[in-house]
Amino acid sequence: MNSISSLKNVHKLGLYGDHNDKNENQIIKIKEIKNINLFQVVKYKNTEKNISNFKIDGLNLPNANKTSSNPSTRIIWMGPDNWFVFSSKDTRENLNNFKETDFAITDLSHSRSIIELEGEMIYEVLKKGSPLDVGKLKEGNCANTVYNGITITLDFISNDPNTIRIFGLRSFGESLYHSLTDSCLEFGYKSI
Amino acid sequence: MLYIKCPFCGMRSQNEFAYGGDASVKRPELNKDVSDKEWDDFVYNRKSLRGKHIELWHHVSGCRQWFKAQRDTATHEIFKTAMMNEEI
Ligand SMILES: [Zn+2]
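Caption draft 1: Layout of the pattern of salt bridges. Counting across every chain of the model gives 15 salt bridges over all chains. Glu116(A) is the partner of Arg165(A) in a salt bridge, and the nearest nitrogen-oxygen pair spans 2.7 Å. A residue pair is termed long-range when its members are at least 10 positions apart, and Arg165(A) in strand β13 (residues 162-169) and Glu116(A) in strand β10 (residues 112-118) qualify at 49 residues. By relative accessible area, which is 7% here, Glu116(A) ends up buried. A salt bridge links Asp41(B) to Lys37(B), with the nearest nitrogen and oxygen atoms 2.6 Å apart. Note that Asp41(B) and Lys37(B) are positioned in helix α1 (residues 36-43) at a spacing of 4 residues, about one turn of the helix. By relative accessible area, Lys37(B) is classed as exposed at 56%. Because the salt bridges share partners, they merge into one network encompassing Lys31(A), Glu116(A) and Arg165(A).

Caption draft 2: Just unusual backbone geometry, in detail. Residues and elements named next belong to chain A. Here the residue pair Asp160 and Pro161 is connected by a cis peptide bond, since its omega of -5° sits within 30 degrees of zero. Tracing the chain through its elements places Pro161 in the loop between β12 (150-159) and β13. In the Ramachandran plot, Asp21 falls in the positive-phi region, its phi being about 60° despite a non-glycine side chain. Structurally, Asp21 is set in the loop between β1 (14-16) and β2 (28-32). Given a relative accessible area of 83%, Asp21 falls into the exposed group.

Caption draft 3: The arrangement of the nonpolar core in detail. Residue and element names in this part refer to chain A. Within the largest apolar cluster, 34 residues are counted, with the highest numbers of intra-cluster contacts made by Val41, Ile56, Leu61, Phe86 and Phe98. Mapping this core onto the domain boundaries places at least three of its residues in each of domain 1 (14-35 + 111-191) and domain 2 (39-107). Non-local contacts of Ile56, meaning those with residues more than four positions away in its chain, are made with Val41, Leu61, Ile75, Val85, Thr91, Asn94, Leu95 and Phe98.

Caption draft 4: Main features of the interface of chain A and chain B. Contact with chain A, which involves 13 residues of that partner, is made by 11 residues of chain B. For the chain A and chain B pair, buried surface summed over both sides reaches about 910 Å², with 54% attributable to carbon and sulfur atoms. At the junction of chain A and chain B, the tally comes to 0 salt bridges. Counting the contacts that link chain A with chain B gives 6 residue pairs in polar contact (both at pLDDT 80 or more).

Caption draft 5: Main features of the sheet that holds β10(A). Residues and elements named next belong to chain A. Spatial strand order, β1-β14-β2-β10-β13-β12-β11: 7 strands in an open sheet with mixed pairing. Of all the strands in the sheet, the pair left with one neighbour each is β1 and β11 (142-147). In this sheet, adjacent strand axes meet at a mean angle of 25° when their direction is disregarded. Packed onto the sheet, helix α2 (residues 122-129) meets β2, β10, β11, β12 and β13 and runs at close to 35° relative to β13. Each of β2, β10, β11, β12, β13 and β14 (189-191) touches helix α3 (residues 173-184); the most contacted strand, β10, lies at about 15° to it.

Caption draft 6: View of the coordination of the zinc ion. All names here are of chain B. Ligation of the zinc ion by protein atoms is provided by Cys6 (SG), Cys9 (SG), His59 (ND1) and Cys63 (SG), these donors lying 2.0 to 2.5 Å from the ion. Along the chain, the residues donating to the zinc ion fall in the pattern C-x2-C-x49-H-x3-C. Like Cys63, His59 is buried.

Caption draft 7: Molecular detail of the domain arrangement of chain A. Residues and elements named next belong to chain A. Examined at the domain level, chain A breaks down into domain 1 (14-35 + 111-191) and domain 2 (39-107). The C-alpha centroid of domain 2 is placed 25 Å from the C-alpha centroid of domain 1. Taken together, the contacts link 12 residues of domain 1 with 9 residues of domain 2. For the domain 1 and domain 2 pair, buried surface summed over both sides reaches about 910 Å², with 55% attributable to carbon and sulfur atoms. Looking at the side of domain 1 facing domain 2, the largest losses of area belong to Gly140, Cys142 and Asp155, adding up to 43% of the total buried there. Remark: the boundary between domain 1 and domain 2 carries 1 salt bridge. One salt bridge connects Asp155 with Arg74, and the closest N-O pair in it is separated by 2.6 Å.

Reading the values: rules and limits
Residues numbered from 1 in each chain as written. Chains lettered and ligands numbered in written order. Predicted model: local features only at pLDDT ≥ 70, side-chain atom pairs only at ≥ 80, totals over all residues. Heavy atoms only, no water. Salt bridge = Lys/Arg side-chain N within 4 Å of Asp/Glu carboxyl O. Helix = DSSP H or I, 4+ residues; strand = E, 2+ residues; numbered from the N terminus. Buried < 20%, exposed > 50% of the residue type's maximum accessible area, 1.4 Å probe, protein only. Core = buried A, V, L, I, M, F, W, Y, C linked by side-chain atoms within 4.5 Å. Domains from an automatic or database assignment. Contact = heavy atoms within 4.5 Å. Buried area = accessible area lost by both parts, 1.4 Å probe. Polar contact = N/O pair within 3.5 Å; in protein donor to acceptor, adjacent residues only side chain to side chain. Pairing = 2+ DSSP bridges. Axes fitted to C-alpha atoms, helices over the stretch in contact; angles between N-to-C directions. Donors = N, O, S within 2.8 Å, 3.2 Å for Na, K, Ca; no water.

Structure (structure tokens):
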């Protein structure tokens, strides 16, 4: 897969903000995630199918505010009977047993801008633009919320080091990137 | 800031929600003769009361589900929230 970056005009590699006299671990790292398959899986209301019998790349479909993941695939809860499946594998094969009479499967691979933040201070960056109580959320959680008015999805990937992926609608990508990097300036950040 | 407990996501800020109006309004039955008065009441006429009110909210920047909330229109206190298929 080779997708066109939605952030190529704004994501310029380098060091920015208050990074002087700080080592690599003290500043925030910003990365664009691209070339990843994204499928939305929605279970129809009228189907009798039990989701506990369905697996994608060996993973269960997670419950509210949770994710399930392995090195190649991450599944994020988006709402009741609604999941996003991110995978470096060809996810379509993994979804073969999801019959179209029971599930709506939609390829959204090109629909989102994905920005990954890493560093000790990234929760502070989130708090600047989002009303979400991030202190309660940790590795394995996810949430839909807003950042400076832009609807986003957060995937809490790791607490060691703190790593979060932020998904926004592709057309909001540049604006979201500006909002996030603006909030990162006081901590210093490195675009990688 | 007002906090609202989404029945699916839990406690979230009001910024993530959109108000959806009075939840007690019932649509006139299908395939039944409807008088102008009944239709007016369904579409336009609201009590707009002061006090406990059952209303619809949409978690528009969250799980995107509609749900019911019981709120005091004078104090803004929210007493409870419920899924659409639950009684409140
Ligand atoms: Zn919700």
